[in-house]
Amino acid sequence: MRSDGTAVKRLFTSLVSSLGRETATHELKWMKQALIASDSPTLPAMLQRRLSGEPLQYILGTTPFGPLDLLSRPPTLIPRPETEDWTLRLADMLTPTSVRPLTVLDLCTGSGCIPLLLCHLWPPGSARAYGVDISQDAIRLATDNAARCNIPSFQPSSLTPYSQNVFLPVLGDLRDPDLFKRILPPFDIITANPPYIPKREYDELPVSVKNYEDPAALLGDPPDSEEQDGLTFYRFIAQLLGQKGMLRDGSIVALEVGRAQADAVEGILQQSAGLRNTQVWKDPWNVKRVVLARA
């Protein structure tokens, strides 16, 4: 125990040098709480992982997202505060009911954070949500998070009203036309936080991001893409939105974007998807963060 205490003291001192005393003190407190709540590794092991650059959320195994406490596992993208902010705003903007439930499609769902928060906040029986991702790790995590949040699954073909909000994680590629034989349009809301970081910016990201989170959830352009501007997935999404029967009249599309991408994404939605009624939301740090469109 004494050697553990000595190790904690030494590692904490290094963490203070790296993060500053206030941040390091908060992180140490959260690690201690995680140790109490679960069979986590020893405190020195957790501190050593943090000093190596591993994201705190992966070490703790959870991350807050609105009132939810979601599981967080590598390599699935860690939910960010800016995503939480606009999801809460979207939830407040709409008033679904069990009489007129809304069908939600979340593309590139990752941990499932966006549709699960909407399901949690809206009245019971007012939402059916799908979360699509190409990553098996992400779909497993989204499934586990739905169970953690007590949000059950459902059968897409069922027309029976549900007394609870429901969520179905779906493994699939949004470029695959067969995907929509398994999840049934039209949709009232389509959300996405797709990969949007250009390769040149990705190369400059901190180790805590590059070495731990899935590059496929971050890089906005496949290596073989003609364009390398971080916008490839928005072009895919716009083609999808432009297909007949995908959106109901009055549907809402909310797409998170990277810094300085909002105007370009707004143009892509207007030109490629025919969505002329668009606006841009800023995040709490005054960055243009979401392009919102109405069908």
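Above this text is the structure in question.
Residues numbered from 1 in each chain as written. Predicted model: local features only at pLDDT ≥ 70, side-chain atom pairs only at ≥ 80, totals over all residues. Heavy atoms only, no water.

1. A closer look at the pairing of strand 6 (residues 187-192)
With six of six residues buried, strand 6 lies mostly within the body of the structure. Summarising the sheet, strand 3 (residues 102-107) and strand 6 pair through four bridges and their orientation is parallel. Within strand 6, the position partnered with Val 104 by the bridge is Ile 189. Strand direction decides the pairing type here: strand 6 and strand 7 (residues 247-256), joined by five bridges, are parallel. (Buried < 20%, exposed > 50% of the residue type's maximum accessible area, 1.4 Å probe, protein only. Helix = DSSP H or I, 4+ residues; strand = E, 2+ residues; numbered from the N terminus. Pairing = 2+ DSSP bridges.)

2. As for the side chain of Asp 221
Tracing the sequence through the fold places Asp 221 in the loop between helix 9 (207-210) and helix 10 (232-241). The buried charged residue Asp 221 lacks any salt bridge, with Arg 235 as its nearest oppositely charged partner at 4.8 Å. At 3.1 Å, the side chain of Asp 221 and the backbone nitrogen of Asp 229 are in polar contact. With residues near it in sequence (within four places) discarded, Asp 221 still touches Pro 198, Glu 227, Gln 228, Asp 229, Gly 230, Leu 231 and Thr 232. (Lys, Arg positive; Asp, Glu negative; His and termini not counted. Salt bridge = Lys/Arg side-chain N within 4 Å of Asp/Glu carboxyl O. Polar contact = N/O pair within 3.5 Å; in protein donor to acceptor, adjacent residues only side chain to side chain. Contact = heavy atoms within 4.5 Å.)

3. Brief notes about the sheet that holds strand 9 (residues 288-294)
Read from one edge of the open sheet, seven strands run 5-4-3-6-7-9-8, paired in mixed fashion. Both edges of this open sheet fall to strand 5 (166-171) and strand 8 (277-282), since each of them pairs with a single strand only. On average, each strand axis in the sheet is inclined to that of its neighbour by 15 degrees, with strand direction left out of account. Note that strand 7 and strand 9 share five bridges and pair antiparallel. Of the residues in strand 9, the one forming a bridge with Ala 254 is Leu 292. Running at roughly 175 degrees to strand 7, helix 10 makes contact with strand 3, strand 6 and strand 7 of the sheet. Helix 11 (residues 262-272) rests against strand 7, strand 8 and strand 9 of the sheet, and its axis sits at about 15 degrees to strand 9. (Axes fitted to C-alpha atoms, helices over the stretch in contact; angles between N-to-C directions.)

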